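As a plain string of letters, each chain reads:
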Amino acid sequence: MGCRPPGLLFLTSLLHIWHCAGGQGSYTIDTVRLTIEPRNAVQTGTAVRLRCQVSVSHSNIPNLIHSFQLTRDDVPIYTNNATEDTVEYKINPARAADSGNYECRVSVKNKAKASNSQKLDVKGLQTPTLHLTTSSPYENEEFKATCSAPEEKGPLIFQFYQSFKTGSPEVIKQLSQGGNSSTATLRLSHIGNCILYCDYEIRLVSGNQKSNSSKKVELIVKALHIAPIINILPSNSLSEGDIIEVVCRVVNPPSNTEVFLTKDKVILKQVRAAALSHKFTVREDDSGELVCKAEWGSVQKETSRRITVRSLFSKPQLTVEPTDIFEGDHFKLTCSVSILDSSKINNETMQYSIFKDNTEVANTATYMTVAQLSASGNYTCNATSDSLTRTIVKESQKHFVKVKVPVSEPVLSVVGGTLFLGKPFQLSCYSQRGTLPIKYTLYQPSKPIDIKVVSKRGEKAIFNLTSITQISDIKNILCHAKNSQLKPPKVGTGEQLLKSSDIIEPVSKPHLTTEPRMEDISEGYNMTLVCSVQRGSFPINFTWYSLGKGFLDSKTSRKLKESHSISNVKGDHAGGYFCECTNPAAEPKQSAIIIIGVKMAGWKKGLIAVFCLLFVMAIILFLFYKKRLPKLKKRRTGTLSVKAASTKVERMSLTQAEVNEAANATPGMMGKSIWSEHVSGSESDDNCSANTLEKPEIQYKEDQLRQADPSRVPVKQGTDTVHGEVRNSQQGVQELADAASVEYAELNHDTNHQSDPSDHGYHSDPSNHGYHIANDDQPNDNSVSINCANNEE
């Protein structure tokens with residue numbers, strides 16, 4: 001053989017190590033089979049064998065372990081771990097309790113598989129046996145009865161039956177035991193012969209099975225004559241204090257018989273004999289039944305007699321006056337009885353004692369003292385009737401006397417310590433001293449009363465009050481504290497609240513004013529916004545707002561009024577303002593909005609007035625000039641109309657000497673020719689007119705007004721010469737030359753500025769500001785007169 005490759009040897013070694021170390025390999029459980037031998041249904045007592053076999057396929061895994069588990073009705077009854085593939089489970093002998101559905105489950109490592117279910121049915125039950133401790137018991141005597149089936153397997157339910165010669169049997173006891181036997185305690189009351197027997201029942205998953213009955217056992221129940229006889233001497237009608245004797249007797253009792261004398265379930269006497277005797281002095285509460293009872297083992301018989309005890313006097317009564325006892329009050333205790341049989345007892349023989357907490361405080365029928373807190377306690381009294389034949393003592397019922405502490409004046413306070421006017425609050429009313437319970441009653445003006453009862457120590461009466469808007473209403477609050485029906489209540493007043501509580505009054509609606517008055521606020525001055533409230537607890541927060549600018553200022557003060565100043569008021573300070581006030585009551589309130597108008601400064605008003613006046617004057621002048629402009633243009637034009645004689649240009653010259661000479665020669669004619677038009681012009685409506693003397697047909701022509709040439713028109717003072725140049729156009733119309741032209745603008749300028757009329761070479765009449773130009777070269781044929789007047793300009 002050749003050598004194996006190293007790689008193959010390595011793999012073979014690893015595989016061997018893997019198998020040896022971990023035992024890991026491939027496997028599968030093929031089948032699990034369960035068989036019951038000799039068969040599935042057998043009779044009780046048969047030996048049964050269960051065989052479980054498993055088949056596993058694997059890859060040469062050595063020592064493969066199989067885990068077997070056998071169950072009956074899903075309850076494990078057998079487990080085993082083995083390398084073999086088969087296990088057996090034996091049931092010998094098989095009983096009914098072994099009946100059920102069996103299954104075998106096999107686990108190999110982490111795999112498991114179960115067999116098919118096999119049912120085993122064991123038929124038949126063992127007949128039980130009955131054993132009694134006595135066959136002749138007395139009536140109601142207890143004895144033991146045992147029923148058993150020793151070969152059966154539990155749990156079993158046993159039943160005991162009683163039957164008579166006539167009638168059907170009845171179950172007198174049923175017991176469920178875990179074993180195969182049961183013992184019952186029986187007690188038979190029927191005197192005579194009877195039969196007892198028993199059977200049992202087993203409960204299986206498949207259903208219940210019941211056994212046959214045991215053998216019947218006959219019993220004889222004997223009667224037990226131990227009923228006692230009771231005698232009462234001298235009789236059963238008695239008076240309290242009488243001495244009686246009670247005798248209880250049993251005729252021919254068996255041994256160990258006990259006799260008892262009882263009353264109201266209380267044993268008065270007991271003997272282990274045939275009879276007993278008991279003497280005692282009867283009391284008022286001894287009326288009732290006396291019972292004689294004879295007992296032998298568990299058997300009891302009894303006889304009873306009733307006795308009646310008459311009272312000679314009633315049970316004492318302890319009374320307390322008054323019912324409510326307060327510290328410092330006088331109170332009285334009285335002990336009294338009622339005589340019921342005066343033939344045997346009277347008041348002279350009665351004696352009384354009064355006790356406090358079992359300690360005698362008085363040996364009389366009455367007891368008086370001053371109430372102190374130490375006087376509280378349980379009081380009783382005894383009434384004793386002592387005679388030669390009898391002594392009777394009776395005790396009263398306990399009476400608890402509690403000395404109460406008078407209630408003190410209640411103190412009113414606000415829960416939380418702070419009262420906000422206008423808001424609901426809780427009021428506490430509390431008295432430092434006073435025995436509980438204390439009744440507190442709260443009174444408010446125009447409101448129903450409110451009542452609180454305090455029963456716990458340290459508890460205060462808390463009242464829920466609606467809002468109070470004024471401090472004066474607090475003073476009218478009253479709280480009455482009372483713990484006695486006979487004593488007047490203590491009163492607490494609302495004045496205490498003003499001292500013990502912080503009372504916060506919300507601010508009233510604020511009022512916003514200005515300084516100076518709103519109608520006197522002008523630009524450039526200072527303005528003060530004054531915010532005030534009528535009432536409100538301090539501190540008060542004042543806040544000012546502008547509708548246009550929002551928040552302005554905020555101040556906290558302990559006064560009802562605060563102010564915010566605005567210096568150098570301007571036009572943009574005009575508008576709406578309001579203020580808001582609040583205090584610890586946390587109920588902010590706003591004032592009404594005021595509208596402030598800022599007046600213009602005085603100098604601005606004057607300036608505007610001047611501008612307005614100038615504007616009005618400008619409009620008036622504009623309208624005036626618009627209306628007068630056509631007339632002014634005519635006045636400026638001064639066009640001459642002449643008769644055409646020749647085309648020759650004539651020069652017209654007029655000196656002051658010639659004017660004077662003409663005036664001297666023909667004053668009437670010259671004055672008329674020269675000044676007549678001037679006078680006429682001054683009386684006319686400021687119009688310039690040109691009058692022709694001879695030619696009826698007049699023509700006008702406007703010339704451009706020009707400034708006179710000073711070289712051609714000499715200007716002199718006093719005797720100035722006025723030159724006029726008249727030219728004939730080619731069409732034969734004379735025109736006023738530039739030297740003789742009159743310019744209205746210059747005339748108006750000269751007139752307004754009071755210039756010298758000689759500045760422009762014109763002759764001026766200072767009386768009417770008229771200007772006159774005359775040409776006397778042709779006085780007869782072509783006389784021309786021009787008159788320009790300016791009255792107002």
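Data block above holds the structure.
Given the structure is predicted, the values throughout are model-derived calculations rather than measurements.

(A) Looking closely at the packing of aromatic side chains. Following the criterion strictly, the structure yields eight aromatic pairs and no others. Between Tyr138 and Trp296, the ring centres sit 5.1 Å apart and the planes meet at 80°, which makes this aromatic pair edge-to-face. In this pair, Tyr138 sits in the loop between strand S10 (129–132) and strand S11 (142–148) while Trp296 sits in strand S24 (residues 288–296), placing the two residues 158 residues apart along the sequence. The class for Trp296 is buried, based on a relative accessible area of 17%. An angle of 50° between the planes, with centres 5.8 Å apart, marks the rings of Phe158 and Tyr200 as tilted. A residue pair is termed long-range when its members are at least 10 positions apart, and Phe158 in strand S12 (residues 156–163) and Tyr200 in strand S15 (residues 192–204) qualify at 42 residues. In this structure, Phe158 and Tyr200 share a single accessibility class: buried. What links up through ring pairs into an aromatic cluster is the set Tyr545, Phe551 and Phe578. Geometry around Tyr27 places Lys111 over its ring, the cationic atom sitting 4.8 Å from the centre.

(B) Broad picture of the environment of Lys475. Residue placement: Lys475 occurs in helix H2 (residues 471–475). Residues Lys475 and Gln444, 31 residues apart in the sequence, show an inter-C-alpha distance of 9.7 Å. Beyond its immediate sequence surroundings of up to four residues, Lys475 is in contact with Gly494, Glu495 and Leu498.

(C) Expanded view of the sheet that holds strand S41 (residues 461–465). Taken together, three strands build an open sheet; the order of strands is S36-S38-S41 and the sheet is antiparallel. Bordering the open sheet on either side are strand S36 (411–414) and S41, each of which pairs with just one other strand. The sheet shows a mean angle of 25° between the axes of neighbouring strands, taken without regard to direction. Taken together, the five bridges between strand S38 (residues 425–430) and S41 define a ladder with antiparallel strand orientation. Across the sheet, the residue bridging to Cys429 is Ala461, located in S41.

(D) Region of the structure containing the nonpolar core. Counting residues in hydrophobic clusters, the biggest one holds 24 residues, and the most contacted among them are Val48, Leu50, Cys52, Cys104, Val106 and Leu120. For this core, the elements supplying multiple residues, two or more each, are strand S1 (27–37), strand S3 (48–58), strand S4 (66–72), strand S6 (86–91), strand S7 (100–108) and strand S9 (118–123). Those residues in contact with Val48 that lie beyond four places of it in its chain are Ile36, Glu37, Pro38, Val42, Tyr89, Lys90, Ile91, Ala94 and Leu120.

(E) Representation of the sheet that holds strand S40 (residues 447–454) within the structure. The strand order across the open sheet built from four strands is S40-S39-S42-S43, with neighbouring strands paired in antiparallel fashion. Looking along the sheet, the strands with just one partner apiece sit at the ends: S40 and strand S43 (490–493). Strand after strand, the sheet turns through a mean of 20° between neighbouring axes, direction not considered. Of the strand pairs in this sheet, strand S39 (residues 438–444) and strand S42 (residues 478–482) are connected by five bridges, and their pairing is antiparallel. Pairing of Thr441 across the sheet is with His480, part of S42.

(F) Spotlight on the state of the cysteines. Overall, the coordinates contain six disulfides when judged by the stated rule. The disulfide partner of Cys147 is Cys198, and the gap between their sulfur atoms is 2.1 Å. Here the disulfide of Cys147 and Cys198 is right-handed, its torsion about the S-S bond being about 80°. Placement of Cys147 in strand S11 and of Cys198 in strand S15 is noted, with a sequence separation of 51 residues between them. You'll find Cys147 and Cys198 in the same group, each marked buried. Taken N- to C-terminal, the disulfide-bonded cysteines of the protein are connected 1-2, 3-4, 5-6, 7-8, 9-10, 11-12.

(G) Spatial organisation of the environment of Lys604. Among the secondary structure elements, Lys604 is positioned in helix H4 (residues 602–637). Judged by its relative accessible area of 31%, Lys604 falls in the partly exposed class. Note: C-alpha distance between Lys604 and Glu523 (81 residues apart in sequence) is 9.9 Å.

Conventions and cut-offs
- Throughout this description, residue numbers start from 1 for each chain and increase along the sequence as written.
- Given that the model is predicted, a residue must reach a pLDDT of at least 70 before its local features are reported, and side-chain atom pairs must reach 80 or more before they are shown or counted; all residues, however, enter totals for whole chains, interfaces and linings.
- Water and hydrogen atoms play no part in the side-chain values, which are based on all heavy atoms of the structure.
- Aromatic contacts are taken between Phe, Tyr and Trp rings whose centres are within 6.5 Å, Trp giving its six-membered ring; a plane angle under 30 degrees counts as stacked, one over 60 as edge-to-face, and the others as tilted.
- A run of H or I in DSSP becomes a helix once it reaches four residues, and a run of E becomes a strand once it reaches two; helices and strands are each numbered from the N terminus.
- When accessible area is computed with a 1.4 Å probe and restricted to protein chains, residues below 20% of their type maximum are described as buried, those above 50% as exposed, and intermediate ones as partly exposed.
- Criterion for a charge above a ring: Lys NZ or Arg CZ within 6 Å of the ring centre, and within 35 degrees of the ring normal.
- Here a residue-residue contact requires only that any non-hydrogen atoms of the pair lie within 4.5 Å.
- Only when DSSP finds a minimum of two bridges between them are two strands counted as paired.
- Axis lines are fitted to C-alpha atoms, over the contacting stretch for helices. Their N-to-C directions set the angle, which ranges from 0 to 180 degrees.
- In this text, buried Ala, Val, Leu, Ile, Met, Phe, Trp, Tyr and Cys residues form a nonpolar core when linked through side-chain atoms within 4.5 Å.
- By disulfide we mean two sulfur atoms from cysteines, separated by a distance within 2.5 Å.

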